[in-house]
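The lines below spell out each chain.
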Amino acid sequence: MSWSAHRPTEKEGLSWIPSADEYDSFVRARTPALLRSAYLLTGDQHLAEDLVQTALARTHRAWRRLHETGNAEAYTRKIMYHAQVSWWRRPRVAESMPGVLPDRTGADRDGGDADLSNRTAVRVTLRQALLRLTPSRRAVLVLRFFEDRSETETADVLGVSAGTIKSQTARALERLRKVAAELADLYVAGGAR
C-alpha cells in the first residue's frame, strides 16, 4: 500500500497520516471475503452486510494505528466476531422460515446443469443446518473450517479457551450430523470424517 505522496520526517515534527485512498482500497479489496464470513455467521445477507459495516466503521476509527502495524484485516475480523457475539446476547424476535424450498431449480426443468442444481441443494441444506446451531457454535465452525483457523487462533478471536473451542467444535459437528444427515455422504466423499 502506498502512503500519501509526502511522508513527513521526524525532524519536521509532523505526524504521519495515511490517506483516505488506502482505507478505501482496503475496504474494496477485503469486503467480499468479510461478507462471506459474516453471511456464514449470521445466515442472512442483510445481517451480514450490517455486521461488516459495523466492523469496517470501527476499523476506520482505528485506521491510522492499524495500518501502521499492518493488522487492519485481523482487527476488522475480530471486531466482526465480537459484534456478532454481542448481537447474540440481545433479546430476539421470533423468526421462522416461510417454507421448504422446492427440490428442482429452473435449470433442472430445462435440462440445465445438474451439478449446479446439486451444489445449490447442498448449500441450502448446509445453510439450514448451520442456522439450527447456536450462534456461538456456528461461529466456531466458520472460523475453524471456512476460514481454516487453528483451535488457538479461533480461541483468540472469540476470547475463549482452546478447550472450549474443542468441545464446541465437537458438539457443533455432532449436531450437524443429526440435523443434516443427508450431508453425511458428501462429508465422507470429501475424505473427512
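Details of the structure are given in the entry above.
About the thresholds
Residue positions are given per chain, counted from 1 along the sequence in the order it is written. Under the rules for a predicted model, residues below a pLDDT of 70 receive no local features and side-chain atom pairs below 80 are neither given nor counted, while totals for whole chains, interfaces and linings still include all residues. Only hydrogens and water are set aside when side-chain values are computed; all heavy atoms of the structure are taken into account. Numbering goes from the N terminus for both helices and strands, where a helix is a DSSP run of H or I of at least four residues and a strand is a run of E of at least two. Two residues qualify as a contact provided that any one of their heavy atoms is within 4.5 Å of a heavy atom in the partner residue. Here, a salt bridge means any Lys or Arg side-chain nitrogen found within 4 Å of an Asp or Glu carboxyl oxygen.

Below, the discussion takes up the environment of Ala155. Structurally, Ala155 can be placed in helix 8 (residues 151–158). In sequence terms Ala155 and Ile165 are ten residues apart; their C-alpha atoms lie 6.2 Å from each other. Discounting residues that sit within four places of it in the chain, Ala155 has contacts with Val160, Ser161, Ala162 and Ile165.

If you walk through the whole model with that rule in mind, you get five salt bridges. As a salt-bridge pair, Arg30 and Glu73 come within 2.9 Å of each other at their nearest N and O atoms. Of this pair, Arg30 sits in helix 1 (residues 20–42) while Glu73 sits in helix 4 (residues 72–88), and the two are 43 residues apart along the sequence. One continuous salt-bridge network, built from bridges that share partners, spans Arg30, Glu73, Arg77, Glu147 and Arg149.

Its identity as a non-glycine residue notwithstanding, Asp148 has a phi of 55 degrees, on the positive side. Structurally, the position occupied by Asp148 is in the loop between helix 7 (135–146) and helix 8.

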